[in-house]
Amino acid sequence: MAGASQLPPRSPALPYGRQWIDEDDIAAVVDVLRSDWLTTGPRVAEFEGALAAATGAREAVAVSSGTAALHLTMLALRIRPGDEVIVPTLTFAASANCVVYCGGTPVFADVDAETLLIDPADVARRITSRTRAIVAVDFAGQPCDYAALRALADHHGLALVADACHSLGAAERGRPTGSLADLTCFSLHPVKNITTGEGGAITTDDELLARRLRSLRNHGVTSDRREREETGAWFYELVELGFNYRLTDFQCALGQSQLRKLPAWIERRQELARLYDTAFAGRPGIGRLAVRPDISHAYHLYVVRVAERDRVYGALRDVGIGANVHYIPVHLHPYYRDRFGTGEGLCPVAEAAYAEILSLPLFPQMEDEDAAFVVEALNAAVAGGALLVAGAALPAAATGATVLAVRAEAA
Ligand SMILES: *Cc1c(COP(=O)(O)O)cnc(C)c1O
């Protein structure tokens, strides 16, 4: 359709992701607040048991954030100065920072052009005698090619770690995220698939590693307060240098309550993704990411690729659509350039993608009409619409109600 399409801005603005807290979540937290144990109590093990069951892992260890999960994972694997860990560059910086916390060197791998997941062929090229582990990031909520990564890890004697901060609730060939790697890290931040406010977890089938993780999240001591209370003993020893990365009981109660809703929420995310998929299929100027075979995608993010991304981003923002960019490739951040000498040309596929990627709003409480609004606005913006800000000359006091119009000029 040629001509102008008028879109009154969304109010309140539509964010790219948002938590969903119901009365039963609140009641679960309040119950714990009235109990004897605010932290290191019974709810921690209960949540860990529920998470292990949901992910098909033998053990789950609850911690204070996804970043803490990644940090403790590197410590449990004894990453130290001189060690290299291969990390995809198209991720949140914490996936690489955890290696640096331990004095190790993150080695950035490029991503597959179709899926934007870590490219096993590029990983193979970057393995050296110093490589100790691979961190695979389930970008946007899609499990990586773990069969290929497992073959590489086994051949070179490396640990395989999943940064599954996007993919809680996803599966490959019916096997849930959390049981696809040696150790899997989750985040429970409000934008993620379920939340405890701040929070995270590690899953593994290795009971010794789980034990070590539980000690490391509690300063590196041999027993926690509840264990001592139960046995009536005062004695504990510091056996290695750990941290206070504990998750409280009221957060674990929230986590348990949220986890029950995860399957329905993933279904809703998949439904909304299908709406986007259908709307953008064959649409010139809007590229979609490929989905690997036999994947149940968690759709933490719905990412499209567009030319003039910053202009399109601005056009969406102007009509109250909180699109976002995931991510600036980690090797392009000033810290990594300065400290590790990384820069342009290191990961060309990710760098090219970075110029075009845009994450559209996607969260379970979104209505179909919200998605339709995003589709309309994106189509208009991509069609080359110059942004008309009608009323730009209004007095400052009136700008909150400024009427915006996106004019789509037929290409
Ligand atoms: C959110 C996220 C993290 C960090 O999790 P926090 O809970 O915010 O510390 C790490 N890696 C990825 C890929 C993430 O999306």
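A. Focus on the site of the ligand. The environment of the ligand is formed by 16 residues, the closest being G66, T67, D163, S187 and K192. Within the side chain of S187, a nitrogen or oxygen atom sits 2.7 Å from an oxygen atom of the ligand. For the ligand, the accessible surface in isolation is 380 Å², of which the surrounding protein chains cover 92%. Where the shell around the ligand is concerned, the elements lending two or more residues are α3 (66-76) and α4 (94-101). With 3 residues, the single largest contributor to the shell around the ligand is α3. Here the residues of the shell around the ligand are counted per class, giving 6 nonpolar, 8 polar and 2 charged.

B. Structural view of the packing of aromatic side chains. The tally for this structure, following the rule as stated, stands at 12 aromatic pairs. Ring centres of F92 and Y327 lie 6.3 Å apart, and the angle between their planes is 45°; this geometry places the pair in the tilted category. One end of the pair, F92, is in the loop between β2 (84-88) and α4; the other, Y327, is in the loop between α11 (309-318) and α12 (334-340), with 235 residues separating them in the sequence. Pairing F280 with Y302 gives two aromatic rings, centres 6.4 Å apart and planes at 45°, and the pair type is tilted.

C. Here's a closer look at the pattern of salt bridges. Applying the stated criterion across every chain yields a total of 24 salt bridges. A salt bridge links R217 to E48, with the shortest nitrogen-to-oxygen separation between them at 2.8 Å. Here R217, found in the loop between α7 (207-216) and α8 (225-231), pairs with E48, found in helix α2 (residues 42-55); they are 169 residues apart in sequence, far enough to count as distant. Overall, E48 belongs to the buried group, its relative accessible area being 8%. Of the charged contacts, one joins R288 and D277 as a salt bridge, the two residues approaching to 3.3 Å between their closest N and O atoms.

D. Local environment of the nonpolar core. Membership of the largest hydrophobic core comes to 68 residues, with the highest contact counts inside it found for M74, V123, F139, Y146 and L149. For this core, the element with the highest residue contribution is α3, accounting for 7 residues. Among the domains, domain 1 (5-17 + 262-409) and domain 2 (23-259) are the pair contributing at least three residues each to this core. Setting aside anything within four residues of it in sequence, one finds Y146 in contact with A136, D138, L160, A162, E172, L180 and A181. If you look at the next biggest cluster of nonpolar residues, it comprises 29 residues, including A273, Y276, V319 and I321.

E. Structural detail: the packing of α2 against helix α9 (residues 249-259). At a minimum axis separation of 8 Å, α2 and α9 run at an interaxial angle of 30°. The angle between the axes of α2 and α9 places the two elements in the roughly parallel class. Where α2 crosses over α9, the two elements pack in a sense that is left-handed. Between α2, through P42, R43, V44, E46, F47, A50, L51 and A54, and α9, the contact on the second element is made entirely by D249, C252, A253, G255, Q256 and L259. When grouped by side-chain class, the residues that make up the contact of α2 with α9 number 9 nonpolar, 2 polar and 3 charged.

F. A look at the sheet that holds strand β12 (residues 302-305). Overall, antiparallel pairing links the 3 strands, which are arranged β10-β12-β13 in an open sheet. Of all strands in the sheet, those with a lone pairing partner are β10 (287-288) and β13 (357-360), marking the two edges. Examined bridge by bridge, β12 and β13 share 4 bridges and lie antiparallel to one another. Following the sheet pairing, V303 is matched in β13 by S359.

G. Quick peek at α9. A large share of α9 lies buried, amounting to 10 of its 11 residues. Among the residues making up α9, those that are buried are D249, Q251, C252, A253, L254, G255, Q256, S257, Q258 and L259.

H. Here's a closer look at the domain arrangement of the protein. You can read the domains of the protein as domain 1 (5-17 + 262-409) and domain 2 (23-259). Between the C-alpha centres of domain 1 and domain 2 there is a distance of 29 Å. On the domain 1 side of the contact with domain 2, L262, R292 and Y327 bury the most area, a combined 21% of that side's loss. Viewed at the interface, domain 2 and domain 1 are joined by 3 salt bridges. A salt bridge links E172 to R292, with the nearest nitrogen and oxygen atoms 3.0 Å apart. The tally of links from domain 1 across to domain 2 stands at 22 residue pairs in polar contact (both at pLDDT 80 or more). Residue assignment for the side of domain 1 that touches domain 2 shows that the elements contributing at least two residues are α10 (262-280), β11 (295-296), β12, α12 and α13 (348-354). With 5 residues, α10 is the single largest residue contributor to the side of domain 1 that touches domain 2. For the side of domain 1 that touches domain 2, the per-class residue count stands at 27 nonpolar, 7 polar and 5 charged.

I. Up close: the packing of α3 against α7. Packing of α3 against α7 brings their axes to within 10 Å, and their N-to-C directions diverge by 120°. The angle between α3 and α7 falls in the class oblique. Where α3 crosses over α7, the handedness of that crossing is right-handed. The segment α3 lies against α7, with L72, T73, L75 and A76 engaging L209, R212, L213 and L216. Residue composition of the contact of α3 with α7, grouped by class: 6 nonpolar, 1 polar and 1 charged.

J. Looking closely at unusual backbone geometry. Going from S11 to P12, the amide bond is cis rather than trans, its omega being -5°. Position of P12 among the secondary structure elements: in the segment before α1 (23-33). That bond from H326 to Y327 is cis: its omega, 5°, falls within 30 degrees of zero. Of note in the backbone geometry, R78 takes a positive phi value of approximately 55° without being a glycine. Locating R78 in the fold gives a position in the loop between α3 and β2. Overall, R78 belongs to the partly exposed group, its relative accessible area being 46%. Of note, the phi angle at E308 is positive, near 50°, even though the residue is not glycine. Position of E308 relative to the elements: it lies in the loop between β12 and α11.

So, how was this worked out
- Residues numbered from 1 in each chain as written.
- Predicted model: local features only at pLDDT ≥ 70, side-chain atom pairs only at ≥ 80, totals over all residues.
- Heavy atoms only, no water.
- Near = heavy atom within 4 Å.
- Polar contact = N/O pair within 3.5 Å; in protein donor to acceptor, adjacent residues only side chain to side chain.
- Areas by Shrake-Rupley, 256 points an atom, 1.4 Å probe, with all protein chains shown as cover.
- Helix = DSSP H or I, 4+ residues; strand = E, 2+ residues; numbered from the N terminus.
- Nonpolar A, V, L, I, M, F, W, Y, C, P; charged D, E, K, R; others polar.
- Phe/Tyr/Trp six-rings, centres within 6.5 Å; stacked < 30°, edge-to-face > 60°.
- Salt bridge = Lys/Arg side-chain N within 4 Å of Asp/Glu carboxyl O.
- Buried < 20%, exposed > 50% of the residue type's maximum accessible area, 1.4 Å probe, protein only.
- Core = buried A, V, L, I, M, F, W, Y, C linked by side-chain atoms within 4.5 Å.
- Domains from an automatic or database assignment.
- Contact = heavy atoms within 4.5 Å.
- Axes fitted to C-alpha atoms, helices over the stretch in contact; angles between N-to-C directions.
- Parallel < 35°, antiparallel > 145°, perpendicular 65-115°, else oblique.
- Left-handed = near helix turned anticlockwise from the far one by under 90°.
- Pairing = 2+ DSSP bridges.
- Buried area = accessible area lost by both parts, 1.4 Å probe.

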